[in-house]
Amino acid sequence: VPVLFKQPLKNTEMEEGKSVSLHCELTKADATVVWKKGEATLQASAKYEMKQKGTVAELVIHNAEPEDA
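All figures in this text were calculated on a predicted structure; none of them were measured in a lab.

Rules used throughout
Residues numbered from 1 in each chain as written. Predicted model: local features only at pLDDT ≥ 70, side-chain atom pairs only at ≥ 80, totals over all residues. Heavy atoms only, no water. Core = buried A, V, L, I, M, F, W, Y, C linked by side-chain atoms within 4.5 Å. Buried < 20%, exposed > 50% of the residue type's maximum accessible area, 1.4 Å probe, protein only. Helix = DSSP H or I, 4+ residues; strand = E, 2+ residues; numbered from the N terminus. Contact = heavy atoms within 4.5 Å. Pairing = 2+ DSSP bridges. Axes fitted to C-alpha atoms, helices over the stretch in contact; angles between N-to-C directions.

Trainee: I'm lost on the nonpolar core in this one. Help?
Mentor: Generally speaking, nonpolar side chains in soluble globular proteins are found buried as a group. Counting residues in each nonpolar core, the largest one holds twelve residues, listed as Val20, Leu22, Cys24, Leu26, Ala31, Trp35, Leu42, Tyr48, Ala57, Leu59, Ile61 and Ala64. Contributions of two or more residues to this core are made by β2 (20-26) and β6 (56-61). Per-element accounting of this core gives the leading share, four residues, to β2. Ala64 has contacts with Met14, Glu15, Glu16, Gly17, Lys18, Val20 and Lys47, leaving out every residue within four places of it along the chain.

What follows is the structure, given as structure tokens:
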């Protein structure tokens, strides 16, 4: 059974230099989620924090900049 988005990402406005959190909800708990910007896969770092609890996946971007759009 394929994993689908129950709730897709929503556009979010952020203030430069602040943290922003993006959430999506999946149809299957603990499915593997890969966050990408264009073709580049994002890796956990001081800038990008990835969390997942049950069916909800979250990406936190710290010290957000216009290039993070």
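We are not done yet, so read on.
Trainee: Looking at this structure, how should I read the sheet that holds strand β5 (residues 48-53)?
Mentor: Backbone-to-backbone hydrogen bonds join strands into a sheet, with any given pair of strands oriented parallel or antiparallel. Strand order in the open sheet made by the four strands is β1-β2-β6-β5, with antiparallel pairing throughout. Edge strands, defined here as strands with exactly one partner in the open sheet, are β1 (5-7) and β5. Averaged over neighbouring strand pairs, the angle between their axes works out to 30° when direction is ignored. Pairing geometry for β5 and β6, over six bridges, is antiparallel. Paired with Met50 across the two strands is Leu59, which belongs to β6.

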